[in-house]
Structure formats: structure tokens, C-alpha cells
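An overview of the molecular structure
What follows is each chain in one-letter form.
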Amino acid sequence: MAQPNARLRRYLEDELDECRNEDLQERLDELDELGAVFDEEAVASDVRALSALGNETRYRLVRLLVEADSELCVCEITPLVDVSDSAVSHALSTLADAGLVTKRKDGRWRKYRATTRASALCTVLDGSR
């Protein structure tokens, strides 16, 4: 830990023209508070969701379900994407595991719906273009 503290001390010296031990400790305390915002479970969940969207097929499926704003059966989804049935099923499973779609079985049919989180992520992406 000595190396990062030495580097931080040099940075504070540049910023403040001098750096006392109190200045260094105050900044370290501020940085500790900042680092405390990381809830490891939330970070893992966010990374899963973002990773799931990092594949074109999965992204298209989420977009499709968000735009549909209702449940769609796999048999309705598959003709709309240019991948195999098994690729669609695998992608939907990954999206469900990431919390971006919900699935339910209705007799012999599987139906999927975008979650609020998926809708929010698509809204953010739309607004950032």
C-alpha cells in the first residue's frame, strides 16, 4: 500500500502545492467512502445484465421484447431473428438469467417478456445516442 499512497501524496502535492499527512489521510478517508458505494451483489448483477446485452442476438431479442411491450411466445420470436431455434432458446435463457426477460410456461409454449430493467436500459441507450 506504500506505493499507491506515495503516488497519491505526489498528486496532492501537485494539487495543493504541499501535502501534509492530514491532507493525505483526509483524502484516503474520502476515497474509502467513495469505494463503499460498491455493493458487490449489485455490481455482479449489473455486469451480468450488461454482458448479456453484449451479444447482437441477445440485444435484438431484448429490443424486440421491449418494443412488443407484451409477452411473446418463442414461436413468434424465432421468425424475427436470423438465428437457429436453439440459438434463440439459449439467448433467451441467458437473458432470463441476467434478469432482462421473464419466462413462463403456458402449456407446451414458453412465453417471454422484457423486464423493467431491460426497458430502462434500452431507454438509457436511446437517450444517449
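For clarity, every value in this text was computed on a predicted model and none was experimentally measured. (Residues numbered from 1 in each chain as written. Predicted model: local features only at pLDDT ≥ 70, side-chain atom pairs only at ≥ 80, totals over all residues. Heavy atoms only, no water.)

Quick look at the sheet that holds strand E3 (residues 109–114) now. Consider a sheet: its strands pair through backbone hydrogen bonds, and that pairing is either parallel or antiparallel. A sheet is described by the order of its strands in space; here 3 strands give the open sequence E1-E3-E2, paired in antiparallel fashion. The outermost strands of the open sheet, each flanked by one partner alone, are strand E1 (72–73) and strand E2 (101–106). Looking at chain direction, E1 and E3 are connected through 2 bridges and run antiparallel. By the bridge assignment, leucine 72 is partnered in E3 with tyrosine 112. (Pairing = 2+ DSSP bridges. Helix = DSSP H or I, 4+ residues; strand = E, 2+ residues; numbered from the N terminus.)

Here we take up the nonpolar core. If you look at the biggest cluster of nonpolar residues, it comprises 22 residues, and the most contacted ones within it are Val62, Leu65, Ile77, Leu92, Leu95 and Leu100. Within the residue set of this core, elements represented by two or more residues are helix H3 (40–53), helix H4 (56–68), helix H5 (74–77), helix H6 (85–97), E3 and helix H7 (116–127). When sequence neighbours within four positions are dropped, the list of residues in contact with isoleucine 77 reads Leu61, Leu64, Leu65, Leu72, Val88, Leu92 and Tyr112. Leu12, Cys19, Leu24 and Leu28 belong to the second largest nonpolar core, which has 5 residues in total. (Core = buried A, V, L, I, M, F, W, Y, C linked by side-chain atoms within 4.5 Å. Buried < 20%, exposed > 50% of the residue type's maximum accessible area, 1.4 Å probe, protein only. Contact = heavy atoms within 4.5 Å.)

Its 15 residues give helix H2 (residues 21–35) an end-to-end C-alpha distance of 21 Å, which sits within 8% of 21 Å, the value for a rise of 1.5 Å per residue. Within the sequence span of H2, burial applies to Asp23, Leu24 and Leu28. Seen along its axis, H2 keeps its buried residues to an arc of 130°; they face one direction. Residues Glu22 and Glu33 are exposed on H2 and point more than 90 degrees away from its buried face. (Expected span 1.5 Å × (residues − 1). Arc of directions from axis to C-beta.)

A separate point is H6. The end-to-end C-alpha separation of H6 is 18 Å, in line with the 18 Å expected for 13 residues at 1.5 Å each. Taken together, the buried positions of H6 are Val88, Ala91, Leu92 and Leu95. Considered in projection along H6, the buried side chains sweep an arc of 100° and stay on one side of the axis. What points out from H6, more than 90 degrees from its buried face, is the exposed set Ser86, His90 and Asp97.

Structurally, aspartate 17 is set in the loop between helix H1 (2–16) and H2. Looking at aspartate 17, the relative accessible area reads 72%, which means it is exposed.

Contact geometry of H4 with H7 gives a least axis separation of 10 Å together with a crossing angle of 100°. Here H4 lies roughly perpendicular to H7, going by the angle between them. Facing Tyr59, Val62, Arg63 and Val66 of H4, the residues of H7 in contact are Ala118, Ser119, Cys122, Leu125 and Asp126. Along the lines of polarity and charge, the residues of the contact of H4 with H7 split into 6 nonpolar, 1 polar and 2 charged. (Axes fitted to C-alpha atoms, helices over the stretch in contact; angles between N-to-C directions. Parallel < 35°, antiparallel > 145°, perpendicular 65-115°, else oblique. Nonpolar A, V, L, I, M, F, W, Y, C, P; charged D, E, K, R; others polar.)

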